[in-house]
Amino acid sequence: MRIEFDRNTCIGMFQCVDEWDGFEENVDDGKADLPGAEETEEGVFVLEVPDGEEFEAEFAARVCPVDAIAVFDDDGEQIV
């Protein structure tokens, strides 16, 4: 499972930070960060979700008020 985060879309509500430890609050920028993620295009970060953290990652995507987070299964199908 992988998570894709569009940091340009992020408005800094930090609901994802509250739901999953994979995200961190970046107060200086007013946006969330996804440490360890690879930037695949400008402002878009992709990270493999560690085993056992799938539920939290999915929930972080579901609570994002601007849909800046997407989750894909191992077959590449978007599930959130």
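Think of each chain on its own: its residues are numbered from 1, step by step along the sequence as written. With the structure being a predicted model, the display of local features is reserved for residues of pLDDT at least 70 and the display and counting of side-chain atom pairs for 80 or more, all residues being used for whole-chain, interface and lining totals. Note: side-chain values were computed over all heavy atoms of the structure, leaving out hydrogens and water.

Draft legend 1. Layout of the nonpolar core. One finds Ile3, Phe5, Trp20, Phe23, Ala32, Leu34 and Ile69 to be the most contacted residues of the largest nonpolar core, which totals 23 residues. Other than its neighbours up to four places away in sequence, Leu34 contacts Ile3, Phe5, Trp20, Gly22, Phe23, Phe45 and Leu47. Nine residue types can take part in a nonpolar core, namely buried Ala, Val, Leu, Ile, Met, Phe, Trp, Tyr and Cys, and a core is a set of them joined through side-chain atoms within 4.5 Å. Throughout, exposure labels follow a simple rule: accessible area from a 1.4 Å probe, protein chains only, divided by the maximum for the residue type, with under 20% read as buried, over 50% as exposed, and the rest as partly exposed. Contacts are assigned to residue pairs that have any heavy atoms within 4.5 Å of one another.

Draft legend 2. The arrangement of the environment of Pro65 in detail. Secondary structure elements are taken from DSSP: a helix is a run of H or I of four residues or more, a strand is a run of E of two residues or more, and numbering for both begins at the N terminus. Inspection of the secondary structure puts Pro65 in the loop between helix H2 (54–63) and strand E6 (69–72). Each C-alpha atom of the pair Pro65 and Ile11 lies 8.5 Å from the other, and the pair is 54 residues apart in sequence. Those residues in contact with Pro65 that lie beyond four places of it in its chain are Ile11, Met13 and Gln15.

Draft legend 3. Inspection of the pairing of strand E4 (residues 38–41) at higher detail. The rule for pairing is simple: two strands pair if DSSP sees at least two bridges between them. Pairing analysis gives three bridges linking E4 to strand E5 (residues 44–48), with the strands arranged antiparallel. Paired with Glu38 across the bridge in E5 is Val46. Linking two consecutive strands that pair antiparallel, namely E4 and E5, is a turn of two residues; a positive phi of about 80 degrees is found at Gly43 within it.

Draft legend 4. Seen up close, H2. When H2 is considered as a whole, its buried residues turn out to be Ala57, Ala60 and Ala61. Buried positions in H2, seen along its axis, are confined to an arc of 95 degrees and lie on one side of it. Opposite the buried face of H2, at more than 90 degrees from it, the exposed residues are Phe55 and Arg62. Where H2 is buried, its residues meet strand E1 (2–6), helix H1 (15–19) and E6. Relevant arc is that of directions from the helix axis to the C-beta atoms, nothing else.

Note that every value here comes from positions in space, so none of it alone points to a role or purpose.
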